[in-house]
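Commentary on secondary and tertiary structure
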Amino acid sequence: MSDARAALPAVELSARWRTLALLVPLLLLDGLVFLVPMGYLLRLSFAERTSGGAFAEGSWSLAGYEYVAETPLVHEIFAFTLGFAVLVTALAVAVGVTYAYAVWRAAKPWRTLLLAGAVCSLFTTIVVKLFAVVLVFSPRGVLNDVLTGVGPLAEPLLLVDNLAGAVIAQLYIVVPYAILTVYAVLTTLDDSLVEAARDLGADRPAVFREVVLPHARPGIAVAGIISFTWSVGAYPAPLLVGSGSEQTTAILVSQLLLTEFDWPAAAALAVITVAVVLTALLVGLWRLDDGGELLG
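As the structure is a computational prediction, the values presented were derived from the model and not from experiment. (Residues numbered from 1 in each chain as written. Predicted model: local features only at pLDDT ≥ 70, side-chain atom pairs only at ≥ 80, totals over all residues. Heavy atoms only, no water.)

Here's the deal with unusual backbone geometry
Positive phi, close to 60°, is recorded for Asp161, a residue that is not glycine. Looking at the secondary structure, you find Asp161 in the loop between helix 6 (142-149) and helix 7 (163-186). Its identity as a non-glycine residue notwithstanding, Phe261 has a phi of 55°, on the positive side. Summarising the element assignment, Phe261 is placed in the loop between helix 11 (249-258) and helix 12 (263-289). (Helix = DSSP H or I, 4+ residues; strand = E, 2+ residues; numbered from the N terminus.)

Next comes the structure, spelled out in C-alpha cells:
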C-alpha cells in the first residue's frame, strides 16, 4: 500500500502533463487563427492615417478611432447594423423555436425529414442560399408567381433589393443554427412532464408556455447569441440581396479597405464591431452560467 501511495503523485503528474499536451495544439491553433490576426488588427487600428498609402508603418495614432467617432455616416451605418442584427435575431429565434418544437412533436418519419431539411441547409454555401432567395422571392420568383396566379395579389410583392430581402437572406443563413440549438435542448425534456401538465388540465398553448419554453431557455439563448453575432457581421446578404441602402459595418469596412485604402479607420471600425460581438457573447455566457436563464 505504501508503494502504491508513493507512486500516486507520479501518476497524477503524468495525467496532468498528458492533459497539457492535448491542450497545447488547441491553444496554438487558437493563437494562430484568432489571437495573432486580432492582435495585428488592433495594432493597425492605432496606426496613422495617410493619403499616400494604406497606413503609416511604425506610427501610433488615434486617428482611426477619431474617424469612427466623428463621422455621422459611420454612426448611421453602425446603428443600422445593430438594428438589423436585433431584428434578424428576433425573427430567427421565433422561427427556430417554432420549427424545433414542430420537429420535437412530430412522428419519427416526419421528424427525420424536418431535421434533414435544417441540416442540409448547413451544407449549402452562402452564395447558393442567396441565389435561392432571389429565385423564390424576386418579383418573378416562385412565391410571387403563386400569389399572383392563384392568390389575391394583383401585383407581385417586392421582397428583394430592399430591407426585406436583406433580412430574408440573413435568415436563410442563421435560422438552421437556431433550429438545431433549440431542438438539442428540447430532446432532453421528459415527455412525462408534458403529459402531467395535460392531465392537470393545461391546454397545448399553456403546456408550451409553462413547460416547453422554460426548459428550452438555454437553447433559445444560444440561438439568439449565434444569430446576433452572425448578423452584426452580415456582409453577403445585405450586399447581394439588399438595395445598396442596407449598409452594414462589414460592408463599410470592406469599402474602407479595398476602395479608400484607409486601413486604420477600417481596423478601428472592425475592432469596435468585434468588441460588440464579444460583449454580447460574454453577457450571454455569463447569464447562462448564472443559472441558464438568459431570458428570465
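Structural notes on the environment of Gly117
By the element assignment, Gly117 lies in helix 4 (residues 108-122). Taking the C-alpha atoms as reference, Gly117 lies 24 Å from Ala85; in sequence the two are 32 residues apart.

Here we look at the packing of helix 5 (residues 126-137) against helix 6
Where helix 5 contacts helix 6, the axes come no closer than 4 Å and their chain directions differ by 15°. Judged by the inter-axis angle, helix 5 sits roughly parallel to helix 6. Across the interface between the two elements, Leu135, Val136 and Phe137 from helix 5 touch Val142, Leu143 and Asn144 from helix 6. When its residues are assigned to classes, the contact of helix 5 with helix 6 shows five nonpolar, one polar and no charged. (Axes fitted to C-alpha atoms, helices over the stretch in contact; angles between N-to-C directions. Parallel < 35°, antiparallel > 145°, perpendicular 65-115°, else oblique. Contact = heavy atoms within 4.5 Å. Nonpolar A, V, L, I, M, F, W, Y, C, P; charged D, E, K, R; others polar.)

Brief notes about the nonpolar core
Core analysis: the biggest nonpolar cluster contains 21 residues, and Phe84, Val88, Val133, Phe137, Ala169, Leu171 and Val241 have the highest contact counts within it. Elements supplying a minimum of two residues to this core: helix 3 (72-105), helix 5, helix 7 and helix 10 (236-241). Broken down by element, the residue count for this core peaks at nine residues, all from helix 7. Those residues in contact with Val88 that lie beyond four places of it in its chain are Val167, Gln170, Leu171, Val174 and Ser231. Ranked by size, the runner-up nonpolar core spans 19 residues in total, among them Ala100, Tyr183, Ala216 and Ile220. (Core = buried A, V, L, I, M, F, W, Y, C linked by side-chain atoms within 4.5 Å. Buried < 20%, exposed > 50% of the residue type's maximum accessible area, 1.4 Å probe, protein only.)

Structural measurements only, silent on function.
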